[in-house]
Amino acid sequence: MLPDTLKQCPLFAGLDQGDIQKIRSIALPKTVRRKEILFTDGEEAKGFYVVLSGRMKIYKVSPDGKEQILHIVSAPDAFAEAALFLEGAYPAFAEALSDCQLLFFPKRGFVQLIEKNPRLSINMIVTLSQYLRRFALLVEELSLKEVSSRIAKYLLDLSKRSSKEGKSAKEVELDLSKTQLALRLGTISETLSRTLAKLKAKGMIDVRGKKIQILNREALEELASGIKMG
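Within each chain, residues carry numbers counting from 1 in the order of the written sequence. Predicted model: local features are reported for residues with pLDDT of at least 70 only, side-chain atom pairs are reported and counted for 80 or more only, and whole-chain, interface and lining totals are derived from all residues. To get the side-chain values, take all heavy atoms of the structure and skip hydrogens and water.

Undergrad: Describe in detail helix α2 (residues 17-26), supporting the description with residues and values.
TA: Of the positions making up α2, those classed as buried are D19, I20 and I23. Projected down its long axis, α2 carries its buried residues within an arc of 100°, all on one side. Polar contact is defined as a pair of N or O atoms within 3.5 Å, subject to the rule that within protein one atom must be able to donate a hydrogen and the other to accept it, and that residues adjacent in sequence are counted only when both atoms are side-chain atoms. Only DSSP runs of H or I reaching four residues or more are called helices, and only runs of E reaching two or more are called strands; each is numbered from the N terminus. Two to three positions downstream of the cap, the backbone nitrogen of G18 sits 3.1 Å from a side-chain oxygen, assigning the N-cap of α2 to D16. Exposed residues in this analysis have more than 50% of their type's maximum accessible area, buried residues have under 20%, and partly exposed residues fall in between, with area computed by a 1.4 Å probe over protein chains only. This arc is taken over the directions from the axis of the helix to the C-beta atoms.

Undergrad: Describe in detail the packing of aromatic side chains, supporting the description with residues and values.
TA: A ring pair, where both rings are aromatic, is described by two values, the distance of the centres and the angle of the planes. Ring pairs shown here join Phe, Tyr and Trp side chains whose ring centres sit within 6.5 Å, with only the six-membered ring taken for Trp; geometry is labelled stacked below 30 degrees between planes, edge-to-face above 60, and tilted in between. The full count for this structure, using the stated rule, is 11 aromatic pairs. Between F48 and F110 the ring centres are 4.8 Å apart and the planes differ by 75°, which places this aromatic pair in the edge-to-face class. Of the two residues, F48 is situated in strand β3 (residues 47-53) and F110 in helix α3 (residues 107-116); the sequence distance between them amounts to 62 residues. Accessibility classification places F48 together with F110 in one group, the buried group. Connected via pairs of aromatic rings, a cluster forms that spans F39, Y49, F79, Y90 and F104. The ring centre of Y59 lies 4.7 Å from the NZ or CZ of K57, which sits over that ring. Placement of a charge over a ring requires the Lys NZ or Arg CZ to be within 6 Å of the ring centre, with the centre-to-atom vector within 35 degrees of the ring normal.

Undergrad: Just give me the short version of the nonpolar core, but keep the residues and values in it.
TA: Put simply, a nonpolar core is a bunch of buried Ala, Val, Leu, Ile, Met, Phe, Trp, Tyr and Cys residues held in one set by side-chain atoms that sit within 4.5 Å of each other. Core analysis: the largest hydrophobic core is formed by 39 residues, its most contacted members being F12, F48, M56, F79, F105 and F110. Considering each element in turn, this core owes the most residues, 5 residues, to strand β8 (residues 100-106). With 30 residues, the next largest nonpolar core counts Y154, L156, L196 and A219 among its residues.

Undergrad: Go over the sheet that holds β3, please, and point to the residues and values.
TA: Either a parallel or an antiparallel arrangement is found when strands of a sheet pair, and the pairing is made through backbone hydrogen bonds. Whether two strands pair depends on DSSP finding at least two bridges between them. Spatially, 4 strands are ordered β1-β8-β3-β6 in an open sheet, and the strand pairing comes out antiparallel. Edge positions in the sheet fall to β1 (28-32) and β6 (78-79), since each has one partner strand and no second. Note that β3 and β6 share 2 bridges and pair antiparallel. Following the sheet pairing, V50 is matched in β6 by A78. We call two residues contacting when some pair of their heavy atoms lies within 4.5 Å. Axes here refer to lines fitted to C-alpha atoms; in helices the fit is confined to the stretch in contact. Angles between the N-to-C directions go from 0 to 180 degrees. Against the sheet, α2 makes contact with β1 and β8, and its axis sits at roughly 95° relative to β8, the strand it touches most.

Undergrad: Describe the packing of α2 against α3, naming the residues involved and giving the relevant values.
TA: For the pair α2 and α3, the least separation of the axes is 9 Å and the interaxial angle reads 165°. In terms of orientation, α2 lies roughly antiparallel with respect to α3. Like other packed secondary-structure pairs, α2 and α3 cross with a definite hand, here right-handed. Contacts between α2 and α3 involve K22, I23 and I26 from the first element and G109, F110 and L113 from the second. Split by residue class, the contact of α2 with α3 holds 4 nonpolar, 1 polar and 1 charged. For classification, angles of less than 35 degrees are called roughly parallel, those exceeding 145 degrees roughly antiparallel, those between 65 and 115 degrees roughly perpendicular, and all remaining angles oblique. Definitions for this section: a left-handed crossing has its near helix turned counterclockwise from the far helix by less than a right angle. A right-handed crossing has that turn clockwise. Each residue is assigned to one of three groups, with Ala, Val, Leu, Ile, Met, Phe, Trp, Tyr, Cys and Pro labelled nonpolar, Asp, Glu, Lys and Arg labelled charged, and all others, Gly among them, labelled polar.

Following this line, the structure appears as structure tokens:
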């Protein structure tokens, strides 16, 4: 079962069974409990992780204590791959949002595998490029778009994910608490709640706890693009 899980990780896409076994041979299992800090910003970077189950939160903390969530990682994705090439420290915090089963890949052993496997090297470049694009979009959203636009995009992204999983694209369930979602979107819980209420009043969505029904996708798409809500 474990090799199959690793094959689903984008970082290991296209590798044959022999390569997967070599990768598995250097991996170390790691259990992290909910709310446990896996590593801190500035801690020595010794390797990276793949999520087998559960969800991890990657985030930064400003000097005045404000938290900004950079990424939520779930199975079968990897995180902290940049540690392979950074000298010294992890550039952010990692905290478990739920009990998690992880695999830890030591830096030295994995770099040796990369040197012998061109496919793995290409996958690393692609993965890190995707992270760069994701963070560039995050900076754009936080600096140029209003909270309502960020929420609209988040709901549409959830809808697309539900559709890919064979579920209804018209109803989504928030995968974070409202406090966590507010931090992810660079706002506060009160503003998030008020904005969701405004979207509901405009007839774009219906809110029932963590379940949100999309009533007007076109209006949400316009809002997500940056058009201000009238």
